[in-house]
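Read off the chains here:
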Amino acid sequence: MYLDKEKIIDGIKRYLKVDWGKSLKEAEDFEIYQALAKTIMEGISENWEKTSEEYKKGKQAFYLSAEFLMGRALGNNLMNMGVLREVKEVLKELGIKYNQIEEAEDDAGLGNGGLGRLAACFMDSLATLNLPGQGYGIRYKNGIFTQKFEDGFQKEYPETWLKYGDPWSVRKSSDEVIVEFGDQKVRAVPYDTPILGYGTDNVNTLRLWEAAPINDLDLDAFNSQEYEEAVQEKNKAENISRILYPNDSTNEGKKLRLKQQYFFASASLQDILKSFKRIHGKDYEKLVDYVAIQLNDTHPVIAIPEMMRLLYDVEGISWTRAWNIVENIFSYTNHTILKEALEKWWIELYREVLPRIYDITYRIHIELLQSLEKQYPEDRKKHEKMSVIQGDLIHMAWMAIYGSKTINGVAELHTELLKNQELKEWYKLYPKKFQNKTNGITQRRWLLFSNEELSNFITKLIGDEWITDLSQLKKLEKYKDNKKILDKFLEIKNLKKTQLSNHLKKVQGIEIDTDSIFDVQVKRLHEYKRQLLNIFHIMDLYNKIKENPEMDIYPVTYIFGAKAAPGYFRAKGIIKLINEVAKAVNNDPRVKGRIKIVFVENYRVSLAEKIFPAADISEQISTAGKEASGTGNMKFMINGALTLGTLDGANVEIAQEAGLENNYIFGLKVEDINKLKEKGYNPSKEYESVEGLKKVVDSLIDGTYDDGGTGMFQELYDSLLKGASWHKPDQYFIFKDFAEYRETQRKVNIEYRNQSEWAKKAWINIANGGKFSSDRTIAQYASEIWGIKAKEI
Ligand SMILES: *Cc1c(COP(=O)(O)O)cnc(C)c1O
């Protein structure tokens, strides 16, 4: 323990004085928050340095990711240090409300969704397991956007998480490096954030790069009153680390995105090599014994040709030796089988932004082609299909597979689909490279921290080992028929529902019936995730209530949370639709409060922490084969929500672990969809024949719901019945799954009424959630991919 009561009080007062010139009495919440954070930073600094030194002595894993969706740090850090309770008491004595201090911290929204949150959970597990692993990414000044609803439409506003500075990071100016593009040269400045593991003195590191200009100001231009030009270089440099996923519908947008990727890949590799050289000199043969690099999706794949440039051009190693090093250092994680998400770059743009990297990529392309020709003489079609450069495009995923030691999918089903469908040629060529690593989540943030009441109860029953060994939850199973224990579980669930409703009342002014079923779908908005199927079912139910006002329904609150990509028109149309239906349903006296729709604004980690513990139903209804894994499904499971889902991603494994009978699995399976596609799927048939469906779909365009003249609902309608230039009608099989989804929803509504049976199912889910800890996932990466071992300071 680094902090005792006196140190905490002294630290808070000292930093308030030094940083803000204030006494405790005068200080604002965010100032106290910052002072407390800095006190913690001071307390851990020695251990942090020691850990870094210790890790350098052996092999380290470096996790390159465009996203780290960290959320807030304060509560999680205090909890991992084991001083959360103490700090709460101290603050109370000082007359400060801990909750207010906690709410003063903005989320570090440096990610989009699941992929970024996975990276954040991995950081927590690496530190907790004392594993020498470090994250590398970009310090986006404005992160992802803040979402507001205005007249039911999504509006985006810039995030300002750095407004008052970030107390959790240290600027390491002495480790700056230069990154060079065809038309630009910038400084990459690292900021280190400590990652505190649970119950360990080790402190791991997340290093995020900020882009800065070589020259702050063009003084000549300034003195000639050309003020804009005078700071042009500065602005251009800073744009690189301004926002995550800038709109890339234009050429300039694409260029910026490629620059971001190269920026952090190059800076990270220079950093890794510099640190290696300090210890081992130029003995590069040793590199593979000291360095493993994980490429989180295709975003950092540009690191492969960049490593070749650094070894071959800069260090002067032969091409063959350099490639041999590359092949043994890099590993690639595939996160999606959606073709549009496998990154491809226009040659022209790539060459313009990164001329030397293009040459190197071309050589890699030629060497792959030669090896393909050797392996499959005559099979030109195959050579073409597997080439890094095809026509005008550079295929980053292919370069990743060719240049990596291992390729992994993120759930069993997903990896099987990669091996047998999407990447089957590659699997045939390199069978030994392919692995599965089912995703996981950290139970520290997603249970211990976010659901204190359930955590305490679990600990009372089975002890606290589950906090670092989630498989211990299995010991709960023996209580599955114990009425007293299940009643207590229900009591806690109800408390979490009340807490969430109080919060939503405060931030969005929404009243929720806490006795209703909380049916929750929170995740990024995407057609394949099928929020549309969810709202269609509610629209149908609403139609039924209007026809039969006395209908027997157990009250349900349908909770949505989702951001749509700013340029994704259809996703934004779905948001507008849900908000329009909500307006109609929530204000219709005939509904008599039986159903209610709540769309939470600005879904993010700190809100997620309040939502998962309060859920009864976890909506995981993606089109089978499309969701690589999902991790939200796991957070729901260990908080005692039942999965209402398709056999997709990790839902398959959840159902396997907890039993099909304890979840609500429905709908088309991957094989069914493949058969349907082969046969030819005509959604008009379902539209005409499935009772109630036509009425729902028609209400998109018959004036029932109003899209404010944007054409959004017509476009949704067309996407389902007519298709578009790039896809067939109803490409996500919403119509085909509609009837069975509705039937399953009916079953949920009836079975929920038997509270003891329900609690038993929820309990069995919790007891079988052990597999879904990111500790398990990270232990597998460490031993089966990276070859790193735990090291305690
Ligand atoms: C877990 C999480 C996700 C991922 O959710 P999926 O349902 O797996 O897509 C996205 N956003 C936030 C804030 C999360 O916590």
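Treat the numbers as computed from the prediction; the structure is a model and nothing was measured. (Residues numbered from 1 in each chain as written. Predicted model: local features only at pLDDT ≥ 70, side-chain atom pairs only at ≥ 80, totals over all residues. Heavy atoms only, no water.)

Observations regarding the overall build of the protein
So, step 1. In terms of regular secondary structure, the protein is built from 34 helices and 23 strands.
So, step 2. In terms of C-alpha radius of gyration, the protein reaches 27 Å, essentially the compact-globule figure of 28 Å for 793 residues.
So, step 3. Going through the 793 residues of the protein one by one, you find that 61% of them count as buried.
So, step 4. Considering only intrachain contacts with a sequence separation of at least 6, the fraction spanning at least 24 residues in the protein is 76%.
So, step 5. With an accessible surface of roughly 31300 Å², the protein has 48% of that area assigned to carbon and sulfur atoms.
So, step 6. The centroid of the 113 positive side-chain charges in the protein is displaced by 2 Å from the centroid of its 119 negative side-chain charges. (Helix = DSSP H or I, 4+ residues; strand = E, 2+ residues; numbered from the N terminus. Rg over C-alpha atoms; globule rule 2.2 N^0.38 Å. Buried < 20%, exposed > 50% of the residue type's maximum accessible area, 1.4 Å probe, protein only. Contact = heavy atoms within 4.5 Å. Areas by Shrake-Rupley, 256 points an atom, 1.4 Å probe, with all protein chains shown as cover. Lys, Arg positive; Asp, Glu negative; His and termini not counted. Charge placed at Lys NZ, Arg CZ, Asp CG, Glu CD.)

What about the sheet that holds strand 13 (residues 344–346)?
In any sheet, the strands associate via hydrogen bonds between backbone groups, in a parallel or an antiparallel arrangement.
So, step 1. Pairing is antiparallel in the open sheet, where three strands are placed in the order 13-15-14. Because the sheet does not close on itself, it has two edges, and the strands there are strand 13 and strand 14 (389–390).
So, step 2. Pairing of strand 13 with strand 15 (residues 393–395) involves three bridges; the strand directions are antiparallel. Bridge assignment links tryptophan 346 to a residue of strand 15, and that residue is leucine 393. (Pairing = 2+ DSSP bridges.)

Topic: the UniProt feature "modified residue: N6-(pyridoxal phosphate)lysine" (unreviewed entry) in the protein
So, step 1. When the UniProt feature table is mapped to this numbering, "modified residue: N6-(pyridoxal phosphate)lysine" (unreviewed entry) covers Lys635.
So, step 2. According to the relative accessible area criterion, lysine 635 is buried, its value standing at 6%. (UniProt positions renumbered as here; feature names shortened; annotations may be inferred.)

Points about the packing of aromatic side chains
So, step 1. Here the structure, examined in full by the defined rule, presents 30 aromatic pairs.
So, step 2. Pairing phenylalanine 122 with tyrosine 781 gives two aromatic rings, centres 5.4 Å apart and planes at 65 degrees, and the pair type is edge-to-face. Taken together, the residues phenylalanine 122 in helix 6 (residues 114–128) and tyrosine 781 in helix 34 (residues 774–786) connect sequence positions 659 residues apart. Neither phenylalanine 122 nor tyrosine 781 differs from the other in exposure class; each is buried.
So, step 3. Consider the rings of phenylalanine 489 and tryptophan 763, whose centres lie 6.1 Å apart with planes at 75 degrees: the pair is edge-to-face. Taken together, the positions of phenylalanine 489 in helix 22 (residues 483–508) and tryptophan 763 in helix 33 (residues 755–767) put the pair 274 residues apart, joining distant regions of the chain. Summarising the burial analysis for this pair, phenylalanine 489 and tryptophan 763 share the class buried. (Phe/Tyr/Trp six-rings, centres within 6.5 Å; stacked < 30°, edge-to-face > 60°.)

Quick word on the site of the ligand
So, step 1. Taken together, 15 residues surround the ligand, and among them Lys523, Lys529, Thr631, Gly632 and Lys635 come closest.
So, step 2. The contact in question runs from an oxygen atom of the ligand to an N or O atom on the side chain of lysine 523, over 2.8 Å.
So, step 3. In this structure, lysine 635 approaches the ligand through a side-chain N or O atom, which is 2.6 Å from an oxygen atom.
So, step 4. Starting from 390 Å² of accessible surface for the ligand in isolation, the protein chains cover 97%.
So, step 5. Class assignment for the residues of the shell around the ligand results in five nonpolar, five polar and five charged. (Near = heavy atom within 4 Å. Polar contact = N/O pair within 3.5 Å; in protein donor to acceptor, adjacent residues only side chain to side chain. Nonpolar A, V, L, I, M, F, W, Y, C, P; charged D, E, K, R; others polar.)

Some thoughts on helix 21 (residues 452–462)
So, step 1. Among all positions of helix 21, only Leu454, Ser455, Phe457, Ile458 and Ile462 are buried. Each buried residue of helix 21 sits inside an arc of 165 degrees when the element is viewed along its axis, so together they form one side.
So, step 2. Looking one or two residues beyond helix 21, the residue adopting positive phi is glycine 463, at roughly 85 degrees. (Arc of directions from axis to C-beta.)

Digging into the packing of helix 23 (residues 531–547) against helix 24 (residues 569–586)
So, step 1. Contact geometry of helix 23 with helix 24 gives a least axis separation of 10 Å together with a crossing angle of 20 degrees. On the basis of the axis angle, helix 23 is roughly parallel to helix 24. Of the two elements, helix 23 crosses helix 24, and the hand of that crossing is left-handed. For the pair formed by helix 23 and helix 24, the contact residues are Gln531, Leu532, Ile535, Phe536, Met539 and Tyr542 on the first element and Ile574, Leu577, Ile578, Val581, Ala584 and Val585 on the second.
So, step 2. Tallied by class, residues from the contact of helix 23 with helix 24 come to eleven nonpolar, one polar and no charged. (Axes fitted to C-alpha atoms, helices over the stretch in contact; angles between N-to-C directions. Parallel < 35°, antiparallel > 145°, perpendicular 65-115°, else oblique. Left-handed = near helix turned anticlockwise from the far one by under 90°.)

Observations concerning the nonpolar core
So, step 1. Within the largest apolar cluster, 262 residues are counted, with the highest numbers of intra-cluster contacts made by Ile293, Ile535, Phe536 and Trp786.
So, step 2. It is helix 10 (residues 251–280) that provides the largest number of residues to this core, a total of ten residues.
So, step 3. Ignoring any residue separated from it by four or fewer positions in sequence, one finds tryptophan 786 in contact with Lys59, Ala61, Tyr63, Leu126, Ala292, Gln294, Ile778 and Tyr781. (Core = buried A, V, L, I, M, F, W, Y, C linked by side-chain atoms within 4.5 Å.)

Comments concerning a negative patch on the surface
So, step 1. A contiguous patch of negative charge, built from Asp216, Asp218, Asp220, Glu226, Glu228, Glu229 and Glu233, is present on the exposed surface.
So, step 2. Along the chain, aspartate 220 falls in helix 7 (residues 219–223).
So, step 3. Accessibility expressed as a relative area gives 62% for aspartate 220, which makes it exposed. (Patch = residues over 30% accessible without salt bridge, like charges linked within 9 Å, V, L, I, M, F, W, Y side chains within 5 Å. Salt bridge = Lys/Arg side-chain N within 4 Å of Asp/Glu carboxyl O.)

Some details on the pairing of strand 12 (residues 330–333)
So, step 1. Because side chains alternate across strand 12, one face comprises the buried residues Phe330 and Tyr332, and the other comprises Ser331 and Thr333, equally buried.
So, step 2. For strand 12 and strand 16 (residues 406–409), the ladder comprises three bridges, and the chain directions are parallel. When the bridges of strand 16 are listed, threonine 333 appears paired with asparagine 408.

Quick word on the side chain of asparagine 663
So, step 1. Position of asparagine 663 among the secondary structure elements: in the loop between helix 27 (651–658) and strand 23 (664–665).
So, step 2. Polar side-chain contacts of asparagine 663 include one of 2.9 Å to the backbone nitrogen of threonine 643.
So, step 3. Among the polar contacts made by the side chain of asparagine 663, one reaches the side chain of asparagine 765 at a distance of 3.2 Å.
So, step 4. Apart from residues no more than four positions distant in its own chain, asparagine 663 is found in contact with Leu642, Thr643, Ile654, Ala655, Ala658 and Asn765.

Here's the deal with the pattern of salt bridges
So, step 1. Enumeration over the complete set of coordinates arrives at 68 salt bridges.
So, step 2. Measuring nitrogen to oxygen at the nearest pair gives 3.0 Å for the salt bridge that ties glutamate 93 to lysine 5. Of this pair, glutamate 93 sits in helix 4 (residues 84–93) while lysine 5 is found in helix 1 (residues 5–20), placing the two residues 88 residues apart along the sequence.
So, step 3. The class of glutamate 93 is exposed, set by a relative accessible area of 54%.
So, step 4. By relative accessible area, which is 36% here, lysine 5 ends up partly exposed.
So, step 5. Here arginine 207 and aspartate 192 are joined by a salt bridge, their closest N and O atoms 2.7 Å apart. Taken as a pair, arginine 207 in strand 10 (residues 203–213) and aspartate 192 in strand 9 (residues 184–196) lie far apart in primary sequence, 15 residues in all.
So, step 6. You can call arginine 207 buried: its relative accessible area is 6%.

Observations regarding the pairing of strand 2 (residues 68–71)
Along a regular strand, successive side chains alternate from one face of the sheet to the other.
So, step 1. Residue alternation in strand 2 divides its side chains into two sets, Phe68 and Met70 and Leu69 and Gly71, and both sets are buried.
So, step 2. The pairing of strand 2 with strand 3 (residues 108–110) spans three bridges and is antiparallel. Its bridge partner lying in strand 3, glycine 71 is registered against alanine 108.

Let's talk about the environment of alanine 397
So, step 1. Along the chain, alanine 397 turns up in helix 17 (residues 396–403).
So, step 2. On the basis of relative accessible area, alanine 397 is assigned to the buried category, the value being 4%.
So, step 3. Measuring from C-alpha to C-alpha, the distance between alanine 397 and aspartate 540 comes to 42 Å, with 143 residues separating the pair along the chain.
So, step 4. Ignoring anything within four residues of it in the chain, the contact list for alanine 397 reads Thr298, Tyr332, Leu342 and Glu343.

Structural notes on the environment of asparagine 202
So, step 1. Along the polypeptide, asparagine 202 turns up in the loop between strand 9 and strand 10.
So, step 2. Using a relative accessible area of 1% as the deciding quantity, one classes asparagine 202 as buried.
So, step 3. Separated by 75 residues in sequence, asparagine 202 and alanine 127 have C-alpha atoms that sit 6.6 Å apart.
So, step 4. Ignoring any residue separated from it by four or fewer positions in sequence, one finds asparagine 202 in contact with Thr51, Tyr55, Ala127, Asn130, Ile195, Gly197, Lys791, Glu792 and Ile793.
So, step 5. A polar contact of 3.2 Å, which involves the side chain of asparagine 202, links it to the side chain of asparagine 130.

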